[in-house]
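Letter by letter, the chains look like this.
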Amino acid sequence: MFMIRNVHILAKKFSRIRFISTSLPRTEEISEKYIDEILTSDIEYNQLTNEFIPLSKSHKCLVLQPFVKWGPRKLTITPSEQLEEAVALIKTLPSWNVADTIAVPLESLDRKTLFKSGTMERLKNMIQKSPDITAVFVNTSNMKRVTSDILHENFRIPILDRYRVVIQILKIHATTKHAKLQVALAELYFIRRKAETDRVFATADKEKLKLIFQSREQKLKKAIQRLRDERKLLRSNRRKLDYPTVAVVGYTNAGKTCLIKALTGEKSLQPRNQLFATLDVTVHSGVLPSGLKVLYVDTVGFLTDLPTNLLECFNATLEDAVLADVILHIQDLASTCFEYKRDHVVKTLLDLGSETDDVDITDKIFNVGNKCDLINDIKDDKLLRISAKLNIGLNELREELEKLILKTTSRHLMTIKVENGGHEIRWLYKNATVVSEHADENNSQRINAKVIITDSNLQKFKHAFLKRK
Ligand SMILES: Nc1nc2c(ncn2[C@@H]2O[C@H](COP(=O)(O)OP(=O)(O)OP(=O)(O)O)[C@@H](O)[C@H]2O)c(=O)[nH]1
Ligand SMILES: [Mg+2]
């Protein structure tokens, strides 16, 4: 009842608030200060957030996994695997714990009360007998308001669904402005849906709420657009530098950040045994066996069964991934539902590829199996097995990556005979990667330069030097 009574008070307070509409600046005029203000001082909206999704400092949860025993809604992931992921989600939140877990078989997930009366009673008794349970986490993507109210009336403690828990994690883990804005947008969609279905608001108040939500959505989208434009600029600057990019993607906790740390030696990177540890796209430089410099892009991890609104916010951050020269898909060999997670990532990537660039990205995806130190059986013999943590298989990975990069970026690894200290070698140092130089045995005036050069620069080189001869 606590939550419902609060919303009543809010509805009363709310009818006294006057909504002041302010005009939005143009995208290019949006300043850092403006972004800070959206995130911290939107008073009317912050009041709504506190009421609809109060951030609890700690909870002891009963993790409840409803599952359909048979029929088309039956999933390839087992209920115990789903429970395992749900427990990991809760444990990611500081000071949150799991009191108990239970998988509940259902005929369908569409019943308004979710459970039949017998099961409801059993669960009610179980919760009443365990006073240390302070919340129930029902691991479904987006529970209907009516269902959550019915469960709350029965269990008398807060009811959380997957959307609510994931948002809580994202709020804690978001550190950069872009991540914070994306999370704020996902949260707005969540609160709007709740408020729209709330019966305690009068129609006039609902109109006012609608204006607050609309205004906030516009502000957030504009600010996100500004940061996206900035990222686009950074991307095109990177292209001008002509360094190939490798996007490291995969399910959350697969070891993406750990792998980039191992490949680049960058100490600032912090792999963590948490879901959604990384919420920002960051770029780190590394060197391939031939000396070619590459940029590794760390990305946000994937998670199945998220509502579309939340997914949209994530997908925006994956633009960099789809546009990279190579997509390194890292899979956790030790994870229980390995195939299920792999298929989810591949499907999302292919969908994103066709949306963003309308291209088939299959040829530039490279699959690796990480955490080989934890298992002995070979799950997929086509996968290159590595351990980012113990540095196993990383040299082979670098070699394979280099081959694929040369192919996808139309680069050539070749030896060119040039004059020692002449224009040509200077040009090559400027426009290609010179891997090594060896004196020509037959002519001391000339050297053999081993270079990596793009197709277009090779044409330029030929045009500038070979045609003149
Ligand atoms: N045993 C073992 N553990 C690993 C290996 N690679 C990564 N880990 C561990 O797996 C956990 C997750 O690693 P991260 O690199 O943070 O995973 P991520 O894919 O970046 O996760 P998100 O950012 O949440 O998407 C950390 O505790 C790592 O130490 C490995 O090869 N072997
Ligand atoms: Mg990470």
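This section reports on the structure supplied with the text. Everything numeric in this text was worked out from a predicted model, so none of it was measured.

For the protein chain, the count of helices and strands is 16 helices and 13 strands. By residue count, 34% of the 469 residues in the protein chain fall in the buried class. When contacts within the protein chain are restricted to residue pairs at least 6 apart in sequence, those whose partners lie at least 24 apart make up 69%.

Another point: the site of ligand 1. Within the structure, ligand 1 sits among 23 residues, and Gly-255, Cys-258, Pro-271, Thr-278 and Gly-301 are positioned closest to it. Along the lines of polarity and charge, the residues of the shell around ligand 1 split into eight nonpolar, 10 polar and five charged.

The subject of this paragraph is the nonpolar core. Of all hydrophobic cores here, the largest spans 95 residues; its most connected members are Ile-90, Val-136, Phe-137, Val-246, Ala-247, Val-248 and Ile-327. With 10 residues, helix H8 (residues 177–196) is the single largest residue contributor to this core. When neighbours within four sequence positions are excluded, Ile-90 is seen to be in contact with Cys-61, Val-63, Trp-96, Val-98, Phe-137 and Val-165.

Quick look at the environment of Leu-48 now. Topologically, Leu-48 is positioned in helix H3 (residues 43–52). A count of 22 C-beta atoms within 10 Å places Leu-48 in the buried class. For the pair Leu-48 and Leu-188, spaced 140 residues apart in sequence, the C-alpha separation works out to 9.8 Å. Look past the residues within four positions of Leu-48 in its chain and what remains in contact with it is Ile-191 and Ala-195.

Let us look at the sheet that holds strand S6 (residues 282–287). Taken together, the six strands give an open sheet; going across it, the order is S6-S7-S5-S8-S9-S10, and neighbouring strands pair in mixed fashion. What marks the edges here is a single partner per strand, and that holds for S6 and strand S10 (384–385). Pairing between S6 and strand S7 (residues 293–298): six bridges, direction antiparallel. Bridge pairing in S7 links His-284 to Tyr-296. Contacting strand S5 (245–249), S6, S7, strand S8 (326–332) and strand S9 (365–370), helix H10 (residues 256–264) crosses the sheet at an angle of about 160° to S7.

Take the sheet that holds strand S13 (residues 443–454) next. In space, the three strands of this open sheet follow the order S11-S13-S12, with antiparallel pairing throughout. Two strands in the sheet have a free side with no partner beyond their single neighbour: strand S11 (411–419) and strand S12 (433–440). Each neighbouring strand pair of the sheet contributes to a mean axis angle of 20°, computed without reference to strand direction. Pairing analysis gives nine bridges linking S11 to S13, with the strands arranged antiparallel. Among the inter-strand pairings, Arg-411 is bridged to a residue of S13, identified as Thr-454. The strands touched by helix H16 (residues 455–466) within the sheet are S11 and S13, with S13 carrying the most contacts at an inclination of about 145°.

What follows deals with the packing of helix H4 (residues 79–92) against helix H7 (residues 162–173). Viewed as axis vectors pointing N to C, H4 and H7 meet at an angle of 40°, and their least axial separation amounts to 9 Å. Taken together, the axes of H4 and H7 are oblique relative to one another. Relative to H7, the crossing made by H4 is left-handed. On H7, the residues that touch Leu-89, Ile-90 and Thr-92 of H4 are Val-165, Val-166 and Ile-169.

The description of two packed helices rests on the angle between their axes and on the distance between the axes. Axis separation between H7 and H8 bottoms out at 10 Å; the angle between their running directions is 155°. Accordingly, the angle class assigned to the pair H7 and H8 is roughly antiparallel. Of the two possible hands of crossing, H7 and H8 adopt the one that is left-handed. Residues Tyr-163, Ile-167, Leu-170 and Lys-171 of H7 touch H8, and the partners they reach there are Val-183, Ala-186, Glu-187 and Phe-190.

When you tally the buried positions in S5, you get five out of five residues, the bulk of the element. Residues Thr-245, Ala-247 and Val-249 of S5 are buried on one face, and the alternating residues Val-246 and Val-248, pointing to the opposite face, are buried as well. Judged from the four bridges that link them, S5 and S8 form a sheet pairing that is parallel. When the bridges of S8 are listed, Val-249 appears paired with His-329.

The rules we used
- Residues numbered from 1 in each chain as written.
- Chains lettered and ligands numbered in written order.
- Predicted model: local features only at pLDDT ≥ 70, side-chain atom pairs only at ≥ 80, totals over all residues.
- Helix = DSSP H or I, 4+ residues; strand = E, 2+ residues; numbered from the N terminus.
- Buried ≥ 20, exposed ≤ 12 C-beta atoms within 10 Å, placed from the backbone.
- Contact = placed C-beta atoms within 7 Å.
- Near = placed C-beta within 6 Å.
- Nonpolar A, V, L, I, M, F, W, Y, C, P; charged D, E, K, R; others polar.
- Core = buried A, V, L, I, M, F, W, Y, C linked by C-beta atoms within 7 Å.
- Pairing = 2+ DSSP bridges.
- Axes fitted to C-alpha atoms, helices over the stretch in contact; angles between N-to-C directions.
- Parallel < 35°, antiparallel > 145°, perpendicular 65-115°, else oblique.
- Left-handed = near helix turned anticlockwise from the far one by under 90°.

Function cannot be inferred from these measures alone, as they are strictly geometric.
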